[in-house]
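# Coordinate inspection notes
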Amino acid sequence: MTVQAEWNKEKFGRTANALRNLESFEISCGIETEEKAATNGVKKTVVKGLAAEELKISFKAGFPVGTDPRQEFEDFKKIADKGKSENFYLGSKNVGVGEFMLDQVELSDVQHGNTGRFYSGKISLSFSQDVNVKSKKEAKK
């Protein structure tokens, strides 16, 4: 197996029977600010620190690549429902500064037959950094 990425024991890459290669990868982070009024009445923006990181990935699922798009969608919905946070690895390197929780699962670009069977589609997963896990670890220190 060639592993491109891994999160919560879910592997993205290629096996002898299936192809689950990442089609897109996005990570973003902003800053948290706070407006404070100064004594002269002028508002001052204070930077509080970095906001939680967000991560988005997508991959194609379908019978031609050895996966069932509807089943993949349902499986990731179950994982999201558990609210579990894990590190996300791209290659063998940890991505971001904390653990990520799966927030959203989307199935799009579906090709289906007359019977309603999904033959192929695009699975998009959105993750956010689990701030609670980060603060618990900092509290232990």
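If you're wondering where the values come from, they're calculated on a predicted model, not measured in any experiment.

Spatial strand order, 3-2-1-8-9-10-7-4: eight strands in an open sheet with antiparallel pairing. Of all the strands in the sheet, just strand 3 (19–20) and strand 4 (22–28) have a single pairing partner and so form its edges. Sheet analysis places strand 1 (residues 2–7) next to strand 2 (residues 10–14), joined by five bridges and oriented antiparallel. For Trp 7, the partnering residue across the bridge sits in strand 2 and is Glu 10. Taken strand by strand, helix 1 (residues 69–82) contacts strand 1, strand 2, strand 3, strand 7 (54–62), strand 9 (93–112) and strand 10 (118–129), and its axis lies near 140 degrees from that of strand 9.

What follows covers helix 1. Helix length check: helix 1 (14 residues) gives 21 Å between terminal C-alpha atoms against 20 Å at 1.5 Å per residue, within 8%. Buried within helix 1 are the following residues: Pro 69, Glu 72, Phe 73, Phe 76 and Ile 79. One side of helix 1 holds all its buried residues, which, seen down the axis, span an arc of 125 degrees. What points out from helix 1, more than 90 degrees from its buried face, is the exposed set Lys 78, Asp 81 and Lys 82. Where helix 1 is buried, its residues touch strand 1, strand 2, strand 3, strand 7, strand 9 and strand 10. Capping of helix 1 at its N-terminal end is provided by Asp 68; its side-chain oxygen lies 3.2 Å from the backbone amide nitrogen of Arg 70. Phi turns positive, to about 65 degrees, at Gly 83, one or two residues after helix 1.

How each quantity is defined
- Residues numbered from 1 in each chain as written.
- Predicted model: local features only at pLDDT ≥ 70, side-chain atom pairs only at ≥ 80, totals over all residues.
- Heavy atoms only, no water.
- Pairing = 2+ DSSP bridges.
- Helix = DSSP H or I, 4+ residues; strand = E, 2+ residues; numbered from the N terminus.
- Contact = heavy atoms within 4.5 Å.
- Axes fitted to C-alpha atoms, helices over the stretch in contact; angles between N-to-C directions.
- Expected span 1.5 Å × (residues − 1).
- Buried < 20%, exposed > 50% of the residue type's maximum accessible area, 1.4 Å probe, protein only.
- Arc of directions from axis to C-beta.
- Polar contact = N/O pair within 3.5 Å; in protein donor to acceptor, adjacent residues only side chain to side chain.

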